[in-house]
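Given next are the chains, with one letter for each unit.
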Amino acid sequence: MERLGNFRPLILFVSGLMGAAGVALAAAASHGGDTVFLGSASTMCLAHAPVLLGLYLGYRYFRTATLAALVLGLGSIIFAGDLVSRHYLGDRLFPLAAPVGGTGMMLGWLIVAAGAFFRVREV
């Protein structure tokens, strides 16, 4: 998991973009957009952006933090991207995108849980 350390700046970048996208999607939903698609995409972005930030900050104390952040981030992007695509393009991002993204998010949370069974790094 040490090689994943090179992806840490990407986690912080994605966290910031997801937070901004979550706010923008909430605004779009409240100003006449589809609250089902855009509201749900906003919720997923706003729920996971701070989690990614926490995992980014806590990687020294939490052995699976980087892997969990990468999987959660990718799953969230795919899930929210599919909902946004359905709203603006009228079609899915790709077949089964929402279930793939949702499964990725669940897998990411399971990686968070698995962190309980790995020895904490010495700081």
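Residues numbered from 1 in each chain as written. Predicted model: local features only at pLDDT ≥ 70, side-chain atom pairs only at ≥ 80, totals over all residues. Heavy atoms only, no water.

Enquirer: Please explain the overall build of the chain as it appears in this structure.
Expert: For the chain, the helix and strand inventory stands at 4 helices and 0 strands. Over its C-alpha atoms the chain spans a radius of gyration of 15 Å, differing by no more than 12% from the 14 Å that the globule rule assigns to 123 residues. Principal-axis analysis of the C-alpha atoms places the extent of the chain at approximately 50 × 25 × 20 Å. Burial analysis of the chain (123 residues in total) assigns 39% to the buried set. Of the contacts formed within the chain by residues at least 6 apart in sequence, a portion of 67% connects residues at least 24 apart. (Helix = DSSP H or I, 4+ residues; strand = E, 2+ residues; numbered from the N terminus. Rg over C-alpha atoms; globule rule 2.2 N^0.38 Å. Buried < 20%, exposed > 50% of the residue type's maximum accessible area, 1.4 Å probe, protein only. Contact = heavy atoms within 4.5 Å.)

Enquirer: Before we go on, may I ask you to explain the packing of aromatic side chains in this structure?
Expert: Describing an aromatic ring pair means giving the distance of the ring centres and the angle of the ring planes. What the rule picks out here adds up to 0 aromatic pairs. Here R8 stacks its cationic end above the ring of Y56, 4.2 Å away from the centre of that ring. In this structure, R8 is placed above the aromatic ring of Y59, and the distance from its NZ or CZ to the ring centre is 3.5 Å. (Phe/Tyr/Trp six-rings, centres within 6.5 Å; stacked < 30°, edge-to-face > 60°. Lys NZ or Arg CZ within 6 Å of the ring centre and 35° of its normal.)

Enquirer: Please clarify how the packing of helix α3 (residues 65-88) against helix α4 (residues 97-114) should be interpreted in this entry.
Expert: Working note: a packed helix pair is described by the angle between its axes plus the distance between those axes. At a closest axis distance of 7 Å, the pairing of α3 and α4 adopts a crossing angle of 155°. Of the possible angle classes, the one that applies to α3 and α4 is roughly antiparallel. Our pair here, α3 against α4, has a crossing hand that is left-handed. Seen from α3, the contacting residues are L67, A68, V71, L72, G75, S76, I78, F79, D82 and R86; seen from α4, they are A97, A98, V100, G101, G102, G104, M105, L107, G108, W109, I111 and V112. (Axes fitted to C-alpha atoms, helices over the stretch in contact; angles between N-to-C directions. Parallel < 35°, antiparallel > 145°, perpendicular 65-115°, else oblique. Left-handed = near helix turned anticlockwise from the far one by under 90°.)

Enquirer: Looking at this structure, I do not really get the environment of G73. What am I missing?
Expert: By the secondary structure assignment, G73 is in helix α3. With a relative accessible area of 5%, G73 lands in the buried category. Measuring from C-alpha to C-alpha, the distance between G73 and G33 comes to 24 Å, with 40 residues separating the pair along the chain. Setting aside its immediate chain neighbours within four residues, G73 contacts M18 and L52.

Enquirer: Please explain α4 as it appears in this structure.
Expert: The periodicity of an α-helix, 3.6 residues per turn, causes residues three or four places apart in sequence to face the same way. Relative to the 26 Å expected for 18 residues at 1.5 Å per residue, α4 spans 25 Å between its end C-alpha atoms, a close match to the ideal helical length. Elements in contact with the buried residues of α4: α2 (37-57) and α3. (Expected span 1.5 Å × (residues − 1).)

Enquirer: Teacher, can you tell me more about the pattern of salt bridges here?
Expert: Here the idea is simple: oppositely charged side chains can pair when their charged atoms come close. All chains considered together, the criterion is met by 1 salt bridge. Where D82 meets R86, a salt bridge forms, and the shortest distance between an N and an O atom there is 2.9 Å. Note that D82 and R86 are positioned in helix α3 at a spacing of 4 residues, about one turn of the helix. Overall, the relative accessible area of 0% leaves D82 in the buried class. Taking the relative accessible area as the measure of exposure, R86 reaches 24% and is therefore partly exposed. (Salt bridge = Lys/Arg side-chain N within 4 Å of Asp/Glu carboxyl O.)

On their own, these measurements won't tell you what the molecule is for.
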